[in-house]
Amino acid sequence: KPILTGSLFEVSENTLTVVAVDSYRLAMRREPCNNMRGGAFSFVVPGDTLRELSRILPENDEETTIFPDRKHAMFRFERTVVTTRLLEGEFLNYKSVIPDSLPISLKVSTSDIIDSVERVSLIISERLKNPVRCLFDGDALRLSCVTALGRSYDECVIPFCPEPVEIGFNNRYLLDALKACPDDECLLQIKASLSPCILRPLEGDAYLYLVLPVRLKAGE
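Residues numbered from 1 in each chain as written. Predicted model: local features only at pLDDT ≥ 70, side-chain atom pairs only at ≥ 80, totals over all residues. Heavy atoms only, no water.

Draft legend 1. Structural context of the nonpolar core. In terms of nonpolar packing, the biggest core is built from 35 residues, with Ile113, Cys134, Phe136, Leu141, Leu188, Ile190 and Leu199 touching the most fellow members. Sorting the residues of this core by element identifies strand 8 (104-109), helix 3 (110-120), strand 9 (132-147), strand 10 (150-169), helix 4 (171-180), strand 11 (185-190), strand 12 (197-200) and strand 13 (207-211) as the ones contributing at least two each. Counting residues in each nonpolar core, the second largest holds 15 residues, with Leu87, Phe91, Leu102 and Ile198 among its members. (Core = buried A, V, L, I, M, F, W, Y, C linked by side-chain atoms within 4.5 Å. Buried < 20%, exposed > 50% of the residue type's maximum accessible area, 1.4 Å probe, protein only. Helix = DSSP H or I, 4+ residues; strand = E, 2+ residues; numbered from the N terminus.)

Pasting the structure below:
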C-alpha cells in the first residue's frame, strides 16, 4: 500500500511518536514535543521526504518545527524550510502488531551481537540470502548460517536464557534494528521460533524495533 511507504507521525500529550513498517519489521520512536496546538492528531510523511530531511537536518540539538495541514506539512529548522505532501489513507494499526508481553527478556550488549551477526553474515550475499540461525541457549547466543559458499558460526555471551529458543532472521533486518539502537545495552525480547523479536530500551519507551522471524528449514 502506498501509505505504508511513509512514516506515521502521531502527536498526543506533548509526545511525538513516529512509526514505520514493512512486511517484516516495525520501527517506533518517541520524543517529547513542545507547543502542541489543536489536540491529538496524526499524519503520514512520505519516506522519500524523510530520507532527504535526514541528510540536511543539523547535527546539533536545534529544534525543528513541524506545521502539518490536511494534505501538506512544512518542516522548519535553522534557515531552511521543507514542504512536502502527505500520504492519504489508513495507516496500519501498529499497536495491534506489537505483542503485549514476551516471556524471555535479555539485557544484551548491542555491539557484541552486531559483531557476531556481521561475522556470520560474511557468507551471505544478495544472491545467497539464507537466514541466520540464532540459538539462545543458556548463557550463549549461538549464531550459524549455511550457504553455497560454506558454513559460518559464532557465539556471543548473553544473560542466562531460561529455555533454549531457536529463531531464524534475515541478517540485514536484524542488523538494521541493532544498529538503530542508540544505547550500548538494550532489552532483547523473544518467545518462540515463529514469534517476533523485539528490541527496546532498558527503561522507558523511547524506541522499539520489531523483527519478524524467518521459518527455518532443516540443514540451513
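Draft legend 2. Structural detail: the environment of Glu78. With respect to the element layout, Glu78 can be found in the loop between strand 6 (72-77) and strand 7 (80-85). Glu78 has contacts with Pro58, Asn60 and Glu62, leaving out every residue within four places of it along the chain. (Contact = heavy atoms within 4.5 Å.)

Draft legend 3. How the structure looks around the side chain of Ser121. Relative to the elements of secondary structure, Ser121 occurs in the loop between helix 3 and strand 9. Engagement of the side chain of Ser121 in a polar contact is seen with the backbone oxygen of Val117, the distance being 2.6 Å. Those residues in contact with Ser121 that lie beyond four places of it in its chain are Val132 and Asn171. (Polar contact = N/O pair within 3.5 Å; in protein donor to acceptor, adjacent residues only side chain to side chain.)

Draft legend 4. Structural view of the layout of surface pockets. Each pocket or cavity is described by its volume, and for the second largest pocket that value is around 200 Å³. Looking at the second largest pocket, the residues that line it are Ser121, Ile124, Ser125, Glu126, Lys129, Asn130, Asn170, Asn171, Arg172 and Tyr173. (1 Å grid on protein atoms, 1.4 Å probe; cavity = no way out; pocket = protein on both sides within 12 Å on 5 of 7 lines; lining within 4 Å. Points joined across faces, edges and corners; volume = space filled by probe spheres on them.)

Draft legend 5. Just the packing of aromatic side chains, in detail. Here the structure, examined in full by the defined rule, presents five aromatic pairs. Note on Phe9 and Phe43: the rings are 5.3 Å apart at their centroids and 20 degrees apart in plane angle, and the pair reads as stacked. Of this pair, Phe9 sits in strand 1 (residues 6-12) while Phe43 sits in strand 4 (residues 41-46), and the two are 34 residues apart along the sequence. Note on Phe9: relative accessible area 6%, which makes it buried. Measuring from centroid to centroid gives 6.3 Å for Phe9 and Phe75, while their planes differ by 75 degrees, and the two rings are edge-to-face. Of the two residues, Phe9 is situated in strand 1 and Phe75 in strand 6; the sequence distance between them amounts to 66 residues. Across the pair, exposure class does not vary: Phe9 and Phe75 are buried alike. Linked through ring pairs, Phe9, Phe41, Phe43 and Phe75 together constitute an aromatic cluster. (Phe/Tyr/Trp six-rings, centres within 6.5 Å; stacked < 30°, edge-to-face > 60°.)

Draft legend 6. Here's a closer look at the pattern of salt bridges. As enumerated under the stated definition, the model contains 14 salt bridges in all. Across the pair Glu31 and Arg29 runs a salt bridge, and its minimum N-O distance is 2.9 Å. On the basis of relative accessible area, Glu31 is assigned to the partly exposed category, the value being 36%. By relative accessible area, Arg29 is classed as partly exposed at 32%. Taking the shortest distance from any N to any O, the salt bridge between Glu185 and Lys107 comes out at 3.6 Å. Here Glu185 is found in strand 11, whereas its partner Lys107 is found in strand 8, with 78 residues between them in sequence. (Salt bridge = Lys/Arg side-chain N within 4 Å of Asp/Glu carboxyl O.)

Draft legend 7. Fine view of the packing of helix 3 against helix 4. Running from amino to carboxyl end, helix 3 crosses helix 4 at an angle of 160 degrees, the nearest separation of the two axes being 10 Å. By the angle class used here, helix 3 and helix 4 are roughly antiparallel. Taken as a pair, helix 3 and helix 4 cross one another with a handedness that is left-handed. Only Asn171, Leu174, Leu175, Leu178 and Lys179 of helix 4 make contact with helix 3, whose side of the interface consists of Thr110, Ile113, Ile114, Val117 and Glu118. When the residues that make up the contact of helix 3 with helix 4 are grouped by side-chain class, the tally is six nonpolar, two polar and two charged. (Axes fitted to C-alpha atoms, helices over the stretch in contact; angles between N-to-C directions. Parallel < 35°, antiparallel > 145°, perpendicular 65-115°, else oblique. Left-handed = near helix turned anticlockwise from the far one by under 90°. Nonpolar A, V, L, I, M, F, W, Y, C, P; charged D, E, K, R; others polar.)

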